Amino acid sequence: MSVHAERGWIDLDASPSLKKIKPFRDLLLGKIGKNSNPFHPYIVHAPIVLLPLSFCLDFFAYLPFVHWFTGLSSSSFHIGAYFLCLLGSLFATAGVLTGLAEFSTIPLHSPNWKPTAIHACINLCGFLVALANCLGRRSLPYHTPSKTMLLMNFMTLFAMFYSAHVGEKLVYKYSTGVKRVEKQGKALKKKAKDEYGKATN
């Protein structure tokens, strides 16, 4: 795969076989008709909220004062955590796919390539942990997680918050995904101006 500044580090025009998946990547990027707004920012907030909340509910299940305050049993927390994890994993699947599509468009020499790679790796690991969590406890009584699962959840919780921080920097510091929309906006403005000029002449 060749590297092009305008095409990103994964060049889908490099071979006929890669070209076949370009329409699918464009769909993941949000390039539908004249629209070029990225899908990733719309989707990613759901797993960022649902998965940490799921992990927290599992931890709350072991705190006596939480049971006293809410009147709920440990099993209620674990069942709630399990279904939140399922829902979060569903959104995370879409988040990972759209995120990888955005990542593929970033040039290798770009200053935001490395932080994007870190962001992608952490999120992919978090998604795999959530998936393993769902599969591993689906047949357990009250979907109660094992101690290994709890430890993995605890580590993933902090990793996901750090990844969200990196994602925030990618948007506000490096304008990742924003420049594409700005470029489209400028092109549409120029087209409208040219059409207006022809109509008034």
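Now for a quick tour of the structure. (Residues numbered from 1 in each chain as written. Predicted model: local features only at pLDDT ≥ 70, side-chain atom pairs only at ≥ 80, totals over all residues. Heavy atoms only, no water.)

1. Digging into the overall build of the chain
For clarity, the cut-off: Only DSSP runs of H or I covering at least 4 residues are called helices, and only runs of E covering at least 2 are called strands; the numbering of each starts at the N terminus. We call two residues in contact when some of their heavy atoms are within 4.5 Å. Calculation of accessible area relied on Shrake-Rupley with a 1.4 Å probe; when residues are assessed, cover is drawn exclusively from the protein chains displayed.
Summing up its helical and strand segments, the chain has 8 helices and 0 strands in all. Starting at the N terminus, the α and β elements of the chain follow one another as α-α-α-α-α-α-α-α. Within the chain, contacts between residues at least 6 apart in sequence are counted, and of these 70% link residues at least 24 apart. Surface exposure of the chain reaches about 12,400 Å², of which carbon and sulfur atoms provide 71%.

2. What about unusual backbone geometry?
Among all residues save glycine, negative phi is the norm, and among peptide bonds the norm is trans. The criterion, for reference: Burial status follows relative accessibility: with a 1.4 Å probe on protein chains alone, a residue under 20% of its type maximum counts as buried, one over 50% as exposed, and anything between as partly exposed.
With a phi close to 55°, Tyr-142 is a non-glycine residue in the positive phi region. Looking at the secondary structure, you find Tyr-142 in the loop between helix 6 (113-137) and helix 7 (147-172). Here Tyr-142 falls in the exposed class, since its relative accessible area comes to 55%. In this structure, His-143 is a non-glycine residue whose phi angle is positive, near 55°. In this structure, His-143 sits in the loop between helix 6 and helix 7.

3. Brief notes about a nonpolar patch on the surface
Definition in use: Each patch is built from residues lacking any salt bridge and having more than 30% relative accessible area; the joining distance is 9 Å for like charges and 5 Å for nonpolar side chains (Val, Leu, Ile, Met, Phe, Trp, Tyr). Salt bridges, as used here, are contacts in which a Lys or Arg side-chain nitrogen is within 4 Å of a carboxyl oxygen on Asp or Glu.
Side chains of Ile-21, Phe-24, Leu-27 and Ile-32 sit close together on the surface and give an oily, nonpolar patch of about 380 Å² of accessible area. Mapped onto the elements, Ile-32 comes out in the loop between helix 2 (22-29) and helix 3 (40-60). Judged by relative accessible area, Ile-32 falls into the partly exposed class, the value being 45%.

4. Digging into the nonpolar core
Under the convention used in this document: To form a nonpolar core, buried Ala, Val, Leu, Ile, Met, Phe, Trp, Tyr and Cys residues must be joined to one another through side-chain atoms within 4.5 Å.
The biggest cluster of nonpolar side chains holds 10 residues, and these are Leu-51, Phe-55, Cys-85, Ala-92, Val-96, Phe-127, Ala-130, Cys-134, Leu-157 and Met-160. If you list the elements that add at least two residues to this core, you get helix 3, helix 5 (74-104), helix 6 and helix 7. Excluding anything up to four places from it in sequence, Ala-92 contacts Pro-47, Leu-51 and Phe-127. Of all hydrophobic cores here, the second largest spans 7 residues; its members include Leu-50, Leu-57, Ala-61 and Phe-77.

5. Regarding the pattern of salt bridges
Under the criterion given, the structure shown has 1 salt bridge. A salt bridge links Arg-137 to Asp-58, with the nearest nitrogen and oxygen atoms 2.7 Å apart. Taken together, the residues Arg-137 in helix 6 and Asp-58 in helix 3 connect sequence positions 79 residues apart. Across the pair, exposure class does not vary: Arg-137 and Asp-58 are buried alike.

6. Section: the side chain of Thr-156
By secondary structure assignment, the location of Thr-156 is in helix 7. Residues within four places of Thr-156 in sequence aside, it is in contact with Phe-55, Gly-126 and Val-129.

7. Considering the packing of helix 3 against helix 5
Heads up, the rule is: For helices, the axis comes from a line fit to the C-alpha atoms of the stretch in contact; other axes are also lines fit to C-alpha atoms, and the angle between any two N-to-C directions lies between 0 and 180 degrees. If an angle is under 35 degrees, it is roughly parallel; if it is over 145, roughly antiparallel; if it lies from 65 to 115, roughly perpendicular; otherwise it is oblique. We call a crossing left-handed when the near helix sits turned anticlockwise from the far one by less than a right angle, and right-handed when that turn is clockwise. Under the scheme applied, nonpolar residues are Ala, Val, Leu, Ile, Met, Phe, Trp, Tyr, Cys and Pro; charged residues are Asp, Glu, Lys and Arg; polar residues are all the others, including Gly.
The N-to-C vectors of helix 3 and helix 5 enclose an angle of 150°; their axes lie 7 Å apart at closest approach. When the axis of helix 3 is compared with that of helix 5, the two are roughly antiparallel. Handedness of the crossing formed by helix 3 with helix 5: left-handed. By residue class, the composition of the contact of helix 3 with helix 5 is 16 nonpolar, 9 polar and 2 charged.

Keep in mind these values describe shape, not function.
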